[in-house]
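Breakdown of the fold
As a plain string of letters, each chain reads:
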Amino acid sequence: MIAENLHKIEQEIQESCALVSRKPQEITMVAVTKSVDSKTANELVELGVSDLAENRVDKLLEKRQSLSQHQQIKWHLIGNLQRRKVKLIINEIDYFHALDSLRLAQEIQKRAEHQIKCFIEVNVSGEESKHGIKPDELHSFINELEGLDKIHVIGLMTMAPYEASQQEVQTIFSTLKKLQESVKEQNLRYAPCTELSMGMSQDFKTAIEEGATFVRIGTALFRKG
Ligand SMILES: *Cc1c(COP(=O)(O)O)cnc(C)c1O
């Protein structure tokens, strides 16, 4: 079942790329394994998936431990990170998708032993319940990160509301794309901002059409029938 789901998603990624003349190699599919056990995550790795994500620190550490024979895995932390947990996790991951405050960045700076590839989470939809920097505060936030040499801002991340219409989702993703380009244009050494982490099971096709380079997919990989 997982192999079929994976194959279907890979095909859909190709189709979405073709629609907008992009190359499928530009897209990294990050498999979100938060709803499955290590055994199932292992199946994915055996099928060739090399980017795995969790939204909780304890779950990521647990899976990383059980899958430690697979040296090639890149680990992504996609959820909100509490400052007191930074020291437990920051040297165990390759990518962090939810940087959203200066205090968190400072804690990462203090604890990280290597440069961490970070996405700044932006709350484009304006939903109260969502984490993330407000779009109009993004540039001043990025300026504040200068000098924190453990933080490498490779891109921006957002989530569309679950119940948003196709049109709304498109607007949210294209807004994030414009923000990403405006940061990239500044040619900041510490914030090249070339990447866009957006799109989940229900909206990854739209995200790819709007410029996503990392899509985070959970449910669609593991659903049955
Ligand atoms: C759970 C989660 C996903 C994956 O969502 P699906 O709808 O299961 O594909 C992606 N990003 C974040 C931040 C998540 O928490």
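What comes next concerns the included structure. Bear in mind that the values here come from a model prediction, so they are computed numbers and not experimental data.

Residues in contact with the ligand, as listed here, are Val32, Lys34, Ile78, Met159, Met200, Ser201, Arg216, Ile217, Gly218 and Thr219. With respect to the ligand, the side chain of Ser201 contributes an N or O atom lying 2.5 Å from an oxygen atom. Between the ligand and Arg216, the relevant distance is 2.9 Å, taken from a nitrogen atom to a side-chain nitrogen or oxygen of the residue. Expressed as a share of its isolated accessible area of 390 Å², the protein-covered part of the ligand is 87%.

Another aspect to go through is the pairing of strand β5 (residues 116-121). Of all six residues making up β5, five are buried, and the element is well covered by its neighbours. With three bridges connecting them, strand β4 (residues 95-99) and β5 associate as parallel partners. Following the sheet pairing, Leu99 is matched in β5 by Ile120. On the question of chirality, the crossover connecting β4 to the parallel β5 by way of helix α5 (residues 102-111) is right-handed.

Okay, helix α7 (residues 166-184) next. Every α-helical turn comprises 3.6 residues, leaving residues that sit three or four positions apart pointing alike. Given a rise of 1.5 Å per residue, 19 residues ought to cover 27 Å, and the 27 Å separating the end C-alpha atoms of α7 matches this to within 8%. Those residues of α7 not exposed but buried are Val169, Ile172, Phe173, Ser174, Leu176, Leu179, Gln180 and Val183. In this structure, the buried residues of α7 make contact with α6 (138-144), β6 (151-157), β7 (195-197) and α8 (204-209).

Our next topic: the nonpolar core. Met29, Phe96, Leu99, Ile108 and Ile120 are the most contacted members of the largest nonpolar core, which has 69 residues in total. Among all residues touching Leu99, those that are not within four sequence positions of it are Leu104, Ala105, Ile108, Cys118, Phe119, Ile120, Glu121, Phe141, Leu145 and Ile151. One finds Val32, Ile78, Phe119 and Met157 within the second-largest nonpolar core, a separate group that totals nine residues.

Here we come to the packing of aromatic side chains. Enumeration over the complete set of coordinates arrives at two aromatic pairs. Here Tyr95 and Phe214 contribute two aromatic rings whose centre-to-centre distance is 5.5 Å and whose plane-to-plane angle is 55°, an arrangement assigned as tilted. Taken as a pair, Tyr95 in strand β4 and Phe214 in strand β8 (residues 214-217) lie far apart in primary sequence, 119 residues in all. Owing to a relative accessible area of 11%, Tyr95 belongs among the buried residues under this scheme. Given the relative accessible area of 6%, Phe214 is considered buried. The interplanar angle of 75° and the centroid separation of 5.3 Å between the aromatic rings of Phe119 and Phe214 together place this pair among those described as edge-to-face. Highlighted residues: Phe119 in strand β5 and Phe214 in strand β8, separated in sequence by 95 residues. Each member of the aromatic cluster is reached from another via a ring pair, and the members are Tyr95, Phe119 and Phe214.

Rules used in this analysis
- Residues numbered from 1 in each chain as written.
- Predicted model: local features only at pLDDT ≥ 70, side-chain atom pairs only at ≥ 80, totals over all residues.
- Heavy atoms only, no water.
- Near = heavy atom within 4 Å.
- Polar contact = N/O pair within 3.5 Å; in protein donor to acceptor, adjacent residues only side chain to side chain.
- Areas by Shrake-Rupley, 256 points an atom, 1.4 Å probe, with all protein chains shown as cover.
- Buried < 20%, exposed > 50% of the residue type's maximum accessible area, 1.4 Å probe, protein only.
- Helix = DSSP H or I, 4+ residues; strand = E, 2+ residues; numbered from the N terminus.
- Pairing = 2+ DSSP bridges.
- Right-handed = clockwise from strand over helix to strand, strands pointing away.
- Expected span 1.5 Å × (residues − 1).
- Contact = heavy atoms within 4.5 Å.
- Core = buried A, V, L, I, M, F, W, Y, C linked by side-chain atoms within 4.5 Å.
- Phe/Tyr/Trp six-rings, centres within 6.5 Å; stacked < 30°, edge-to-face > 60°.

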